[in-house]
Amino acid sequence: MRSESQRSNIQTFHVMDVLKAATERQRTHGDVLSLAAGQPSTPAPAPVLRAAREALDNQLLGYTETFGIEPLREVIADYHRRRSGIDVHADEVIITTGSSGAFTLLFLAAFEAGDTVVVARPGYPAYRNTLAALGCNVVEIDCGPQTRFQPTVAMLEALEQSGTSPAGLIVASPANPTGTVIDPAELAALARWCEEHDTLLISDEIYHGIEFGGADSADSADSADRDVQSTACVWETSREAVVVGSVSKYFSMTGWRLGWTLVPERLRRAMQRLASNMTVCPPTISQYAALEAFSDESRAELDGHVQRYAVNRELLLTGLPKLGLTDLAPADGAFYVYADIAHLTDDSTAWCARLLAETGLALAPGVDFDTAHGDRTVRLSFAGSTAEIRDALHRLERWLPEPK
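As the structure is a computational prediction, the values presented were derived from the model and not from experiment.

A. Quick peek at the overall build of the protein chain. What the protein chain contains, in helices and strands, is 12 helices and 12 strands. Here the C-alpha atoms of the protein chain give a radius of gyration of 21 Å, agreeing with the 22 Å that 2.2 N^0.38 yields for 404 residues. Projected onto its principal axes, the C-alpha positions of the protein chain cover 60 × 55 × 55 Å. Counting only residues that meet the buried cut, the protein chain has 54% of its 404 residues in that class. Summed over all atoms, the accessible surface of the protein chain reaches about 17300 Å², with 49% contributed by carbon and sulfur. Between the averaged position of the 34 positive side-chain charges in the protein chain and that of its 54 negative side-chain charges there is a distance of 5 Å.

As structure tokens, then:
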């Protein structure tokens, strides 16, 4: 019998191993506190749940159009118009099976095997792993605190001078694992550079709505427009770029597996051919339920989650330095704190395993996100309750050595 394919020989997603170990710890000890998973700890908004129940009673829930139902594409187009002030038509919106499905379709539609695609390090591991499985040449740019862990035009120009001509560049803002946001002027400059160099810019914007630098939502009369212009959308500069969105993070609907893309016309037919064969259509019940995710009632509930994230973020940014964890990435958005623990270990995987075994606290080792320096970093999610964040700090305080 033939063995597994060569293309499947990619890195595993190590945080899933942490979650498996945490499940076993919970079974044996019942004391697990997880700051490892990158997802909200809250259910979908109440209007979404009502819409799902109504769809179960009143919709056939068969196949839809490959690119999703038109009412949802209209709602998402309106979301971008309100949020970023850009003119988006429903025909420019492609609904996908989660943002993960969007990335796979995009990579297949836009890149040939052997094409070079640039990603930031640290960054979300599924970018490089999926690209590698599809035969692309992944080039990681080492992005440190001097550029707020984000790529710059200067870095791309240095690559070009070294003989690397990328077919694609993937950016994320806010980013996973660092939470950093690309300055709007830098994002615009990246978009212009990519247009000039025939490089497809893919902008991962799934954490839009979870930002901490703008006006406080409690002071806004219209919660639905609270975050307008808080984080730039790449289509504000270039319609040759691709936008990837999702209802997973801000909208608290990870398991509903629904994402979307804004894609240049030249790629839409290829994506349609691929999607119709690979997935037929996105999950139907999720599409009908997500119609209500963008409503004012849902947005008010979701903004309440962001307010809690802000409290949790401040607790970690204040509390971790007191425990000796002082080298933290700027947590501009998303719900992560990315910490350097080089003074404690050079094996973050083993360090996180010991922490879980001895305290019941689960963190994500940095090896998922950084192939060069991740053995000295960890990611902490603050998407849980405030009480959980306080408990996590107490467990760390009891376990860590006294800071010098």
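From this point, the narrative continues.
B. Representation of helix α10 (residues 296–322) in the model. The end-to-end C-alpha distance of α10 is 40 Å, a good match for the 39 Å that 27 residues give at a rise of 1.5 Å each. Gly324, located one to two residues past α10, shows a positive phi value of around 95°.

C. Spotlight on the sheet that holds strand β11 (residues 364–365). If you trace the three strands from one edge of the open sheet to the other, you get β9-β12-β11, paired in antiparallel fashion. Two strands bound the open sheet, and with one partner strand each, they are β9 (336–340) and β11.

D. Spotlight on the domain arrangement of the protein chain. Taken domain by domain, the protein chain holds domain 1 (6–43 + 298–398) and domain 2 (62–294). If you average the C-alpha positions of domain 1 and of domain 2, the two centres end up 24 Å apart. At the junction of the two partners, domain 1 supplies 38 residues and domain 2 supplies 44 residues. In total, about 3400 Å² of surface goes out of reach between domain 1 and domain 2, with carbon and sulfur atoms giving 54% of it. Three residues, Arg299, Asp332 and Phe369, lead the burial of domain 1 against domain 2; their summed loss comes to 21% of the area buried on that side. Across the contact surface, domain 1 and domain 2 share two salt bridges. The interface formed by domain 1 and domain 2 contains 20 residue pairs in polar contact (both at pLDDT 80 or more). At the level of elements, α10 and β9 are the ones that each hand at least two residues to the side of domain 1 that touches domain 2. Looking at the side of domain 1 that touches domain 2 element by element, the count peaks at 10 residues for α10.

E. The arrangement of the environment of Glu301 in detail. Tracing the chain through its elements places Glu301 in helix α10. Counting along the chain gives 50 residues from Glu301 to Trp351, while the straight-line C-alpha distance between them is 37 Å. Once you skip the residues sitting within four places of it in the chain, Glu301 turns out to touch Ala44, Pro45, Ala46 and Pro47. In this structure the side chain of Glu301 is engaged in a polar contact, spanning 3.0 Å, whose partner is the backbone nitrogen of Ala46.

F. Spotlight on the state of the cysteines. Within the structure shown, the criterion is met by zero disulfides. Cys143 takes part in no disulfide bond, and the closest cysteine sulfur, belonging to Cys194, lies 13 Å away. On the accessibility criterion, Cys143 (2% relative accessible area) is buried.

G. Geometry of the side chain of Thr96. In this fold, Thr96 is placed in strand β2 (residues 93–96). Take Thr96: its relative accessible area is 2%, and that puts it in the buried class. Ignoring sequence-local partners within four residues, the contact set of Thr96 consists of Gly101, Ala102, Leu105, Arg257, Leu258, Gly259, Trp260 and Pro282.

H. Expanded view of the packing of aromatic side chains. Taken as a whole and judged by the stated rule, the model has 18 aromatic pairs. Both rings, one in Phe212 and one in Phe382, keep their centres 6.0 Å apart while their planes meet at 55°; by these two values the pair is tilted. Of this pair, Phe212 sits in the loop between β6 (200–204) and β7 (242–246) while Phe382 sits in the loop between β12 (377–381) and α12 (386–399), placing them 170 residues apart in sequence. An identical accessibility class is assigned to Phe212 and Phe382; each is buried.

I. Representation of the side chain of Ser252 in the model. Structurally, Ser252 is set in the loop between β7 and β8 (259–262). By relative accessible area, Ser252 is classed as buried at 4%. Beyond its immediate chain neighbours, meaning those up to four positions away, Ser252 contacts Pro40, Thr42, Pro43, Ala44, Val247 and Leu302.

J. Looking closely at the environment of Arg268. Here Arg268 is to be found in helix α8 (residues 265–278). Sequence separation of Arg268 and Asp91 is 177 residues, and the distance between their C-alpha atoms is 9.6 Å. The residues contacting Arg268, other than those within four sequence positions of it, are Phe67, Asp91, Glu92, Ile94 and Val263.

K. Highlighting the packing of helix α6 (residues 153–161) against helix α7 (residues 184–196). Orientation of α6 relative to α7, taken along the N-to-C sense of each, is 30°, at an axis distance of 9 Å. Relative to α7, the element α6 is oriented roughly parallel. Listed contacts from α7 to Val153, Leu156, Glu157 and Glu160 of α6 are Glu186, Ala189, Leu190 and Trp193. In terms of residue class, the contact of α6 with α7 is made up of five nonpolar, no polar and three charged.

Quick notes on the rules
Residues numbered from 1 in each chain as written. Predicted model: local features only at pLDDT ≥ 70, side-chain atom pairs only at ≥ 80, totals over all residues. Heavy atoms only, no water. Helix = DSSP H or I, 4+ residues; strand = E, 2+ residues; numbered from the N terminus. Rg over C-alpha atoms; globule rule 2.2 N^0.38 Å. Buried < 20%, exposed > 50% of the residue type's maximum accessible area, 1.4 Å probe, protein only. Areas by Shrake-Rupley, 256 points an atom, 1.4 Å probe, with all protein chains shown as cover. Lys, Arg positive; Asp, Glu negative; His and termini not counted. Charge placed at Lys NZ, Arg CZ, Asp CG, Glu CD. Expected span 1.5 Å × (residues − 1). Pairing = 2+ DSSP bridges. Domains from an automatic or database assignment. Contact = heavy atoms within 4.5 Å. Buried area = accessible area lost by both parts, 1.4 Å probe. Salt bridge = Lys/Arg side-chain N within 4 Å of Asp/Glu carboxyl O. Polar contact = N/O pair within 3.5 Å; in protein donor to acceptor, adjacent residues only side chain to side chain. Disulfide = S-S within 2.5 Å. Phe/Tyr/Trp six-rings, centres within 6.5 Å; stacked < 30°, edge-to-face > 60°. Axes fitted to C-alpha atoms, helices over the stretch in contact; angles between N-to-C directions. Parallel < 35°, antiparallel > 145°, perpendicular 65-115°, else oblique. Nonpolar A, V, L, I, M, F, W, Y, C, P; charged D, E, K, R; others polar.

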